[in-house]
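Structural overview
Listed here are the chains, written in short residue letters.
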Amino acid sequence: MMIDQEAKRHLRESLAKGVRYDGRKKDEFRNIEIRTGFIVTAEGSAQVKCGETEVIAGVKMSVEKPYSDTPDSGILMVGAELLPLSNPKYEGGPPGADAIEVARVIDRGIRESKSLDNQRLCITAGEKVWTINVDISPLNDDGNLIDVGSMAAVAAILNARFPSYENGKVDFKKVTNEPIPMMRIPIAITVIRIGDAFIVDPTELEEQALDARLTVTTIDDDRLCSIQKGGAGTLSIEEIEKMVDLAVHKSREIRKLIKQE
Amino acid sequence: MDYNKRLDGRDFDELRPMEAKAGVIKKADGSAYFRMGKTIAYAAVYGPREMFPKFMQDPKKGVLRCNYNMLPFSGAGGDRVKPGPSRRSKEISAVTEKALSAVVDLSDSPNAVVDVYIELPQTDAGSRCCGINAAAIALADAGIPMRDIVAAVAVGHAGNKIIVDLDYEEEHLPDYLEGLDEKDVADIPVAVIPSTGEISLLQMDGIVDKAVLFKALHKAREAAMKVSEVQRNALREKFVAHVSDDIDNNENGFEENQY
């Protein structure tokens with residue numbers, strides 16, 4: 001649903017009075033449901049519902065040659081495909097700029113957190129390392145794909161177990177008890193500015209009316225590991241500080257939810 | 001070499017457990033979830049809406065456009081499936097479209113397109129059939145004019161037996177059963193129009209003789225009726241109000257009508 005000027009104006013005025021259309025407070029997330037381990041063809045999987053937004057993520061593992069500049073390091077790749085099935089604004093074909101941004105922001109959030117103990121993924125230095133592919137797909141897009149996608153990716157990684165590796169071959173049918181070595185749990189929280197209001201977990205409508213957004217990824221001790229500003233509007237330093245504080249505050253709640261699963 | 005007992009213990013004309021639900025994707029005009037054993041498909045319908053690119057518009061009637069896609073972690077063989085369309089997925093999209101176009105009536109929507117997106121988060125063979133089953137429910141959920149709800153199932157021939165609703169292992173039976181030759185296995189996906197028994201999708205891999213093919217097609221038609229029941233129930237669940245358990249406190253004992 002594309003938003004017109006009148007609708008935008010009405011939304012901004014409501015938010016200026018602190019009113020969100022679904023009755024939430026500005027710093028309130030929609031109801032979140034997480035389930036894991038339900039895709040038998042994947043080594044790990046998760047589905048996150050946040051209000052009407054629904055995203056699934058799956059982990060596939062394989063043994064490949066490492067990158068030449070990091071011969072004893074495993075490989076992590078996080079991808080996202082914004083499926084046309086989830087929102088009429090997404091067209092089929094190669095990923096557009098928004099799909100690429102969602103994928104890369106989630107990927108960087110996880111990568112820069114240095115949560116993954118890469119060395120433990122090494123089988124034979126210079127020759128064979130585990131490669132972890134995390135693929136994220138929304139099933140229904142009602143906004144906040146970065147946060148929800150990131151939750152799904154992290155939950156899927158935590159859910160994953162290594163397949164067995166014997167005589168140079170991966171046996172996907174024999175699952176070990178070995179989890180992926182994640183030392184930390186990175187959480188991405190996106191805060192958007194509409195006029196002077198800062199809100200978290202925007203619906204699609206709210207996203208369309210935003211001036212600017214800031215996605216902040218934090219690790220367990222509240223340190224920041226990745227930031228991405230989006231939207232055509234600007235942010236002052238004071239505004240950024242407020243948004244970062246809000247993001248850090250919310251990340252603790254979300255991290256608890258993920259850990260519970 | 002005969003195939004005497006199915007790998008998962010099913011009867012030869014027994015389908016895998018099925019599950020279906022309509023209206024699972026709120027953003028879409030119509031949607032559905034369909035499961036056959038471990039094969040799961042989501043379908044979403046958007047339209048009728050304006051058709052782009054314009055050169056694909058048909059001034060006489062609307063166009064149905066289907067897109068079948070497997071998610072990267074859905075492959076039954078263990079390997080990750082590279083994201084994006086492949087030659088295989090494009091072909092499946094095309095036959096899916098043909099299977100559904102046979103029942104859809106878009107004469108009232110010239111120049112428009114009805115887009116059907118089929119995504120599979122997990123597969124265990126029979127994915128194109130599962131996709132069609134989900135898509136048919138989704139089209140009904142979207143209110144697209146149709147003469148029936150297409151039901152699909154894959155039948156096969158292996159070790160002198162006709163089998164219904166093959167799973168991945170059965171598709172690769174020679175890998176699991178000693179003495180069975182590649183040539184002994186045929187995989188036949190079929191889509192049926194339940195009210196008339198007409199067939200709107202038919203493909204085959206493998207070698208069979210004519211008699212076997214026709215026996216298999218009859219089995220497919222029977223099996224498709226079971227699929228059809230599941231599809232209809234999914235739509236009933238969503239669209240038919242439930243009769244309340246209490247009888248109205250009326251002298252005549254008149255029950256609240258469900259409409």
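Please refer to the structure placed before this passage.
We now turn to the structure provided with this report. (Residues numbered from 1 in each chain as written. Chains lettered and ligands numbered in written order. Predicted model: local features only at pLDDT ≥ 70, side-chain atom pairs only at ≥ 80, totals over all residues.)

**Overview of the overall build of chain B**
Using the following cut-off: Each helix is a run of DSSP H or I of at least 4 residues and each strand a run of E of at least 2, with the numbering of both proceeding from the N terminus. What counts as a contact here is a pair of residues whose C-beta atoms, placed from the backbone, lie within 7 Å.
From N to C terminus, chain B includes four helices and nine strands. Sequence-ordered secondary structure for chain B, helices as α and strands as β, is β-β-β-β-α-β-α-β-β-α-β-β-α. Contacts in chain B between residues far apart in sequence, at least 24 positions, make up 71% of those at least 6 positions apart.

**Things to note about the pairing of strand β5 (residues 112-122) of chain B**
Residues and elements named next belong to chain B. Operational definition: Burial in this document is a count-based property: other C-beta atoms within 10 Å of a residue's C-beta are tallied, and the residue is buried at 20 or more, exposed at 12 or fewer, or partly exposed in between, with C-beta positions derived from the backbone. Here a strand pair is declared whenever DSSP counts at least two bridges between the two strands.
Most of β5 sits out of view: ten of its eleven residues are buried. Pairing geometry for strand β3 (residues 39-50) and β5, over eight bridges, is antiparallel. Each bridged residue has a counterpart across the sheet, and for Val 45 the counterpart in β5 is Val 116.

**Here we look at the sheet that holds strand β2 (residues 30-36) of chain B**
Residues and elements named next belong to chain B. The following threshold applies: Axis lines are fitted through C-alpha atoms, for helices just across the contact stretch, and the angle between N-to-C directions can take any value from 0 to 180 degrees.
Strands sit in the order β1-β2-β3-β5-β4 across an open sheet of five strands; the sheet is mixed. The sheet terminates laterally at β1 (18-22) and β4 (63-70), the two strands that pair on one side only. This sheet shows a mean twist of 15° between the axes of neighbouring strands, independent of strand direction. Where β2 lies against β3, seven bridges are found, and the strand directions are antiparallel. Bridge pairing in β3 places Ala 32 opposite Ala 43. Each of β1, β2, β3, β4 and β5 is contacted by helix α2 (residues 127-141), which is oriented at about 150° to β2, the strand it contacts most. Where helix α4 (residues 210-239) meets the sheet, its contacts fall on β1 and β2, and the angle it forms with β1 comes to roughly 35°.

**Remarks on the pairing of β2 of chain B**
Residues and elements named next belong to chain B. Summarising burial for β2: six of the seven residues are buried, a large majority. Bridge analysis of β1 against β2 gives five bridges, and the strand direction is antiparallel. Residue pairing in the sheet places Met 18 in a bridge with Met 36 of β2. Turn length for the β2-β3 hairpin, with the two strands adjacent in sequence and antiparallel, is two residues, and the turn residue Gly 37 shows positive phi of about 60°.

**What to know about the packing of α2 of chain B against α4 of chain B**
Residues and elements named next belong to chain B. Short version of the rule: Crossings are classed by handedness, with left-handed meaning an anticlockwise turn of the near helix from the far one by less than a right angle and right-handed meaning a clockwise turn. Each residue gets one of three labels, nonpolar for Ala, Val, Leu, Ile, Met, Phe, Trp, Tyr, Cys and Pro, charged for Asp, Glu, Lys and Arg, and polar for the others, Gly among them.
Running from amino to carboxyl end, α2 crosses α4 at an angle of 35°, the nearest separation of the two axes being 10 Å. Here α2 and α4 pass one another in a crossing that is right-handed. Facing Asn 133, Ala 136, Ile 137, Ala 140 and Asp 141 of α2, the residues of α4 in contact are Val 227, Gln 231, Ala 234 and Leu 235. Residues of the contact of α2 with α4, tallied by class, amount to six nonpolar, two polar and one charged.

**Re the interface of chain B and chain A**
Each side of the interface is counted separately: chain B has 23 residues, and chain A has 28 residues. Secondary structure elements with two or more residues in the side of chain B that touches chain A: β3 and β5 of chain B. A class-by-class count of the residues in the side of chain B that touches chain A yields twelve nonpolar, six polar and five charged.

**Here's the deal with the packing of helix α1 (residues 87-101) of chain B against α2 of chain B**
Residues and elements named next belong to chain B. In plain terms, the rule: By the definition adopted for this analysis, an angle is roughly parallel if under 35 degrees, roughly antiparallel if over 145, roughly perpendicular if from 65 to 115, and oblique otherwise.
Where α1 contacts α2, the axes come no closer than 10 Å and their chain directions differ by 45°. The orientation of α1 with respect to α2, classified from their angle, is oblique. α1 and α2 meet at a crossing whose hand is right-handed. For the pair α1 and α2, the contacting residues are Ile 92, Thr 96, Ala 99 and Leu 100 in the first and Arg 128, Gly 131, Ile 132, Ala 135, Ala 136 and Leu 139 in the second. Grouping the amino acids of the contact of α1 with α2 by side-chain chemistry returns seven nonpolar, two polar and one charged.

Any link to function would need more than the numbers given here.
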